[in-house]
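# An overview of the molecular structure
If you want the building blocks of each chain, they are given just below.
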Amino acid sequence: MSADAAAIRLDKWLFYARFFKTRSLAAKVISAGGVRVNGARLSKPSASVRAGDTLAFPQGRRVRVVLVVATGERRGPASEAATLYEDRTPPDEPAPPAAPRYDKGGRPTKKDRRAIDAQRPVEKE
């Protein structure tokens, strides 16, 4: 194998490592300038990555940071894809405590009012 065999297209690697469902989705994120390789922003899906490169890219609502461990040869099962990288994404911040819930004080709903009326004694005229 030559030295070029150790490098792989960025969009292919993101697809092989199962970060994106399709290669064209990976290419779209790269073209939008959303991927950084070793700190440099890339906009070409054909850029090469090698083992040892660090990638940062958005995935959902978080930014993933991964170290490329291997280039891979195919898009295999998730267990195989997990061997292609080392996840260095910082842990998510804990969610803020939930706001206090409204305890139904105040004006009753129509259903509540019917239940109250059913408990009252019936007045005779």
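A brief look at the structure comes next. What you see is a predicted model; the values in this text were computed from it and never measured. (Residues numbered from 1 in each chain as written. Predicted model: local features only at pLDDT ≥ 70, side-chain atom pairs only at ≥ 80, totals over all residues. Heavy atoms only, no water.)

### Some points on helix α2 (residues 23–31)
For an α-helix, the turn length of 3.6 residues means that residues three or four places apart are oriented alike. Rules: Here's how the labels work: a residue is buried when its accessible area is under 20% of the maximum for its type, exposed when over 50%, partly exposed in between, all with a 1.4 Å probe on protein chains only. Numbering goes from the N terminus for both helices and strands, where a helix is a DSSP run of H or I of at least four residues and a strand is a run of E of at least two. Here the arc refers to the set of directions running from the helix axis out to each C-beta atom. Any pair of residues with heavy atoms lying within 4.5 Å of one another is described as a contacting pair.
Listing the buried residues of α2 in full gives Ala26, Ala27 and Ile30. Across the axial projection of α2, the buried residues extend over an arc of 100°, all falling on one side. With respect to the buried face of α2, the exposed residues turned more than 90 degrees away are Ser24 and Lys28. At its buried positions, α2 is contacted by α1 (10–16), β2 (35–37) and β3 (40–42). Two residues or fewer past α2, Gly33 is found with a positive phi of approximately 85°.

### Some words on the nonpolar core
Rule in force here: Grouping buried Ala, Val, Leu, Ile, Met, Phe, Trp, Tyr and Cys residues that are joined through side-chain atoms within 4.5 Å yields what is termed a nonpolar core.
Of all hydrophobic cores here, the largest spans 18 residues; its most connected members are Leu10, Trp13, Leu14, Phe19, Val49, Leu55 and Phe57. Among the elements of the structure, α1, α2, β2, β5 (54–59) and β6 (62–68) are those that each provide at least two residues to this core. Looking at this core, the element that brings in the most residues is α1, giving four residues. With residues up to four places along the chain from it excluded, the contact list for Leu14 reads Phe19, Phe20, Ala26, Ile30, Leu55 and Phe57.

### A look at the pairing of β5
How we decide: Two strands qualify as a pair provided DSSP detects at least 2 bridges between them.
In terms of strand pairing, β2 meets β5 through two bridges, oriented antiparallel. Bridging from a neighbouring strand, Val37 pairs with Leu55 of β5. In the sheet, β5 pairs with β6 via six bridges, with the strands oriented antiparallel. Considered in β6, the bridge of Phe57 is made with Arg64. Here β5 folds back onto β6, and the loop between the two strands holds two residues, one of which, Gly60, carries a positive phi near 70°.

### A word on the pattern of salt bridges
The condition is simple: Whenever a carboxyl oxygen of Asp or Glu lies within 4 Å of a side-chain nitrogen of Lys or Arg, that contact is scored as a salt bridge.
Taken as a whole, this structure holds seven salt bridges when the rule is applied. Between Glu86 and Arg88 there is a salt bridge whose closest N-O contact spans 3.2 Å. Exposure remark for Glu86: the relative accessible area of 37% places this residue in the partly exposed category. Note that Arg120 is salt-bridged to Asp117, the shortest N-O span being 3.5 Å. According to the relative accessible area criterion, Arg120 is exposed, its value standing at 53%. Residue class for Asp117 comes out partly exposed when judged on its relative accessible area of 39%.

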